[in-house]
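# Analysis of the macromolecular model
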Amino acid sequence: NGGFHAVIKVSVIVLSVFGILVSASWFLQTAPLRTVLGGESRDAYLTRNIDYYPYYQWLNKETDPNTKVWLINMRRDSYHLDRPYISDYLFEDWALRKMIWESRDVQELKAKAAATGADYVLARHDFLFDYKLSTIVDDKKAPAENEAKMNIARQFLLDKASTVRADGRFSLVKVSD
């Protein structure tokens, strides 16, 4: 009985040490003290730790305060976005998926997006355009039909004429002129 309690105590101590080490390594990696103590600017810290922060930064600095942004697959993470926004709460690309399947072409999709009142769309598109992972794909539909809908989404979110900024994961698109 005493040996069992000793094993439990040692196990708790070992697990606690590992927990402290993991927490310390995360803290040291994110390095918030550099910002708190003035060694790094807030913007530099956020850019280093939030991959889409430069998009929020652009929206905050370059657009009118009343500009409305439609966030797609952005986890409703809007703490650093100082603009009104719309976003699906639980299923982050549900509205986009619905609009795509109701649209015959990209022009119809653009009209639906404009009807939301959004001036810009900021989307995380890396897994949205991955056929195996995408919520756009409907397993009940033929592959050709799914590809056509994926193409409409690509034309909308990666349109060079309306893209403000884009990279391999995110795109910021102006909805209308």
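Residues numbered from 1 in each chain as written. Predicted model: local features only at pLDDT ≥ 70, side-chain atom pairs only at ≥ 80, totals over all residues. Heavy atoms only, no water.

## Observations concerning the pattern of salt bridges
For side chains of opposite charge, pairing can occur when their charged atoms come near one another. Per the stated rule, a full pass over the model turns up nine salt bridges. We note a salt bridge from Arg 48 to Glu 40, for which the minimum N-O separation is 2.7 Å. Relative accessible area serves as the criterion here: at 33%, Arg 48 is assigned to the partly exposed category. In this structure, the salt-bridge partner of Asp 51 is Arg 169, at a minimum N-O distance of 2.3 Å. In this pair, Asp 51 sits in the loop between α3 (42–49) and α4 (53–62) while Arg 169 sits in the loop between β4 (163–166) and β5 (170–174), placing the two residues 118 residues apart along the sequence. Here Asp 51 falls in the partly exposed class, since its relative accessible area comes to 36%. One continuous salt-bridge network, built from bridges that share partners, spans Asp 51, Arg 124, Asp 126 and Arg 169. (Salt bridge = Lys/Arg side-chain N within 4 Å of Asp/Glu carboxyl O. Buried < 20%, exposed > 50% of the residue type's maximum accessible area, 1.4 Å probe, protein only. Helix = DSSP H or I, 4+ residues; strand = E, 2+ residues; numbered from the N terminus.)

## Quick notes on unusual backbone geometry
One non-glycine residue, Asn 73, lies in the positive phi region at around 60°. Here Asn 73 is to be found in the loop between β1 (69–72) and β2 (85–87). Asn 73 sits in the buried class, given a relative accessible area of 9%.

## What about the pairing of β5?
Extensive coverage of β5 is indicated by the burial of four of its five residues. Sheet topology places strand β3 (residues 120–124) next to β5; five bridges connect them, and they run antiparallel. Paired with Val 121 across the two strands is Val 173, which belongs to β5. Looking at chain direction, β4 and β5 are connected through three bridges and run antiparallel. When the bridges of β5 are listed, Thr 163 appears paired with Val 173. Here β4 hands over to β5 after three residues, the two strands then running antiparallel side by side. (Pairing = 2+ DSSP bridges.)

## Side note on α4
The element α4 is extensively covered by neighbouring structure, given that seven of its ten residues are classed as buried. Buried residues of α4: Tyr 53, Pro 54, Tyr 55, Tyr 56, Gln 57, Leu 59 and Asn 60, and no others. In this structure, the buried side of α4 is in contact with α3, β1, β3, β4 and β5. (Contact = heavy atoms within 4.5 Å.)

These figures capture arrangement, not role.
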